[in-house]
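# Inside the fold
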Amino acid sequence: MENVSIKITLTDKISDGLKKIKSLFEGVEVSSRKATSQTDKFRSICDKLRNTNILAVADMFERVGEAVAGAAAAGLQFRQSVADLSSITGIAGKDLEDLAERSRAIGRESGLGADTAARAYSLLASQIEISRIGMKGLNELAEQSVTLAEASGMSLDAAANALAATVNQFGLSADEAGRVTNVLAAGSKYGAAEIEDLSNSFRIAGATASAMGLSVEATAGALEILSQANLKGHESGTALRNIIIRLNTELGVDLGETSLGKALEALQPKLEDAAYLTKVFGVENIAAAQFLIQNA
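Reading guide: rules and limits
Residues numbered from 1 in each chain as written. Predicted model: local features only at pLDDT ≥ 70, side-chain atom pairs only at ≥ 80, totals over all residues. Heavy atoms only, no water. Helix = DSSP H or I, 4+ residues; strand = E, 2+ residues; numbered from the N terminus. Buried < 20%, exposed > 50% of the residue type's maximum accessible area, 1.4 Å probe, protein only. Contact = heavy atoms within 4.5 Å. Areas by Shrake-Rupley, 256 points an atom, 1.4 Å probe, with all protein chains shown as cover. Phe/Tyr/Trp six-rings, centres within 6.5 Å; stacked < 30°, edge-to-face > 60°. Axes fitted to C-alpha atoms, helices over the stretch in contact; angles between N-to-C directions. Parallel < 35°, antiparallel > 145°, perpendicular 65-115°, else oblique. Left-handed = near helix turned anticlockwise from the far one by under 90°. Expected span 1.5 Å × (residues − 1). Bend = angle between axes of the 7 residues up to and from the residue. Core = buried A, V, L, I, M, F, W, Y, C linked by side-chain atoms within 4.5 Å. Nonpolar A, V, L, I, M, F, W, Y, C, P; charged D, E, K, R; others polar.

### Section: the overall build of the protein chain
The helix and strand inventory of the protein chain stands at 13 helices and 0 strands. Taken from N to C terminus, the helices and strands of the protein chain fall in the order α-α-α-α-α-α-α-α-α-α-α-α-α. Going through the 296 residues of the protein chain one by one, you find that 35% of them count as buried. For the protein chain, the share of sequence-separated contacts (at least 6 apart) that also reach a separation of at least 24 residues comes to 64%. In the form shown here, the protein chain has an accessible surface area of approximately 16900 Å², with 55% of it arising from carbon and sulfur atoms.

### A closer look at the packing of aromatic side chains
Inspection of every chain in the model, using the stated rule, returns 1 aromatic pair. Centroid distance F170 to F202: 5.6 Å. Interplanar angle 85 degrees. Geometry classified as edge-to-face. Of this pair, F170 sits in the loop between α6 (156–169) and α7 (177–190) while F202 sits in helix α8 (residues 195–211), and the two are 32 residues apart along the sequence. Side by side, F170 and F202 carry an identical accessibility label, which is buried.

### Digging into the packing of α8 against helix α10 (residues 233–251)
One way to put it is that α8 packs onto α10 with a least axis distance of 7 Å and a crossing angle of 20 degrees. In terms of their interaxial angle, α8 and α10 are classed as roughly parallel. Regarding α8 and α10, the two cross each other, and that crossing is right-handed. Packed against α8, whose contacting residues are D197, N200, S201, I204, A205, T208 and A209, the element α10 presents G233, H234, S236, G237, T238, L240, R241, I244 and I245 at the interface.

### Let's talk about α8
The end-to-end C-alpha distance of α8, which contains 17 residues, comes to 23 Å, matching closely the 24 Å that a straight helix rising 1.5 Å per residue would cover. Of all the bends found along α8, the most pronounced is centred on A205 and spans about 55 degrees. Buried residues of α8: I195, L198, S199, S201, F202, A205, G206, T208 and A209, and no others. Looking at the residues trailing α8, positive phi occurs at G213, about 105 degrees.

### Overview of the side chain of N285
Along the chain, N285 turns up in the loop between α12 (274–281) and α13 (286–294). When sequence neighbours within four positions are dropped, the list of residues in contact with N285 reads A239, N242 and I243.

### Observations regarding the nonpolar core
In this structure, L138, L141, L240, I244, L255, L260 and F281 are the most contacted members of the largest nonpolar core, which totals 71 residues. Ranked by residues supplied to this core, first place goes to helix α5 (residues 130–152) with 8 residues. If we skip the residues at most four places from it in the chain, L240 touches A205, T219, A222, L223, L226, L260 and L292.

### Quick notes on the packing of α10 against α12
It is at 8 Å that the axes of α10 and α12 come closest, and there the two elements cross at 95 degrees. Considered as vectors, α10 and α12 are oriented roughly perpendicular to each other. Residues I243, R246, L247, E250 and L251 of α10 pack against Y276, K279, V280 and F281 of α12. When grouped by side-chain class, the residues that make up the contact of α10 with α12 number 6 nonpolar, no polar and 3 charged.

### Things to note about the side chain of T219
Mapped onto the elements of the fold, T219 is located in helix α9 (residues 216–227). On the accessibility criterion, T219 (0% relative accessible area) is buried.

### Topic: the environment of D98
Considering the arrangement of structural elements, one finds D98 in helix α3 (residues 93–110). Among the residues examined, D98 registers a relative accessible area of 35% and is labelled partly exposed. Considering only alpha carbons, one finds D98 and M135, 37 residues apart in sequence, at a separation of 9.6 Å.

See below:
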């Protein structure tokens, strides 16, 4: 009986040991399968990455990041421009919201951007009294500034400044802004001075020309004649201003009654009389005066 009992005990212990060893081997087998599975997955990912242009993907993400950052910066600039517009004009509330929305529309339609459009509104409003032209007039000036910028290749800021200055100098209303745009565009088409040259000339001569009775069209015509003698910008503006003042003060010509062309035509017999022309127009203006008289 004792022998039987010993055999049974040994058998049980051996069986337990074998079971444990078997369990360990089964665990190793499962772990091995898992490791193989993970390795296969990693290999599959590597194979896919080999077939993908990593640099292209990285570049794409970088571009997306730059676009998002750019959009955020543009948004901040636009809000600042709208705030500046409100500060300059005192416009607030619903009117300011309408201008902001109109800036977005102009920027979208022109491709110039909402911030640029809002800045143009600020430039216009800083030079022309809103109480005089109203919100409708301000919108008209902004739209005509875009037209002028597109026609001339000027920046919208420069176009807005040129338009506002000319409207002011000739005492025109906002609904005549289209007239100014047409004069500037047509003048540059038929003369040698570009729109930006003309606008710079207007800054010098515009107020005097208007006070002496010249229209914006007649003034542009005279400036374009001078541009053919290579007198442009401030130089032609200064020359024309001096000439029309001298016509009035030295010869008593009222350009509100007599056109500039007729006044100059009357001087053609004196074209070669340098002494006379110097006395009338001054030595610094004689070359410009002779050229205008010759092309009266």
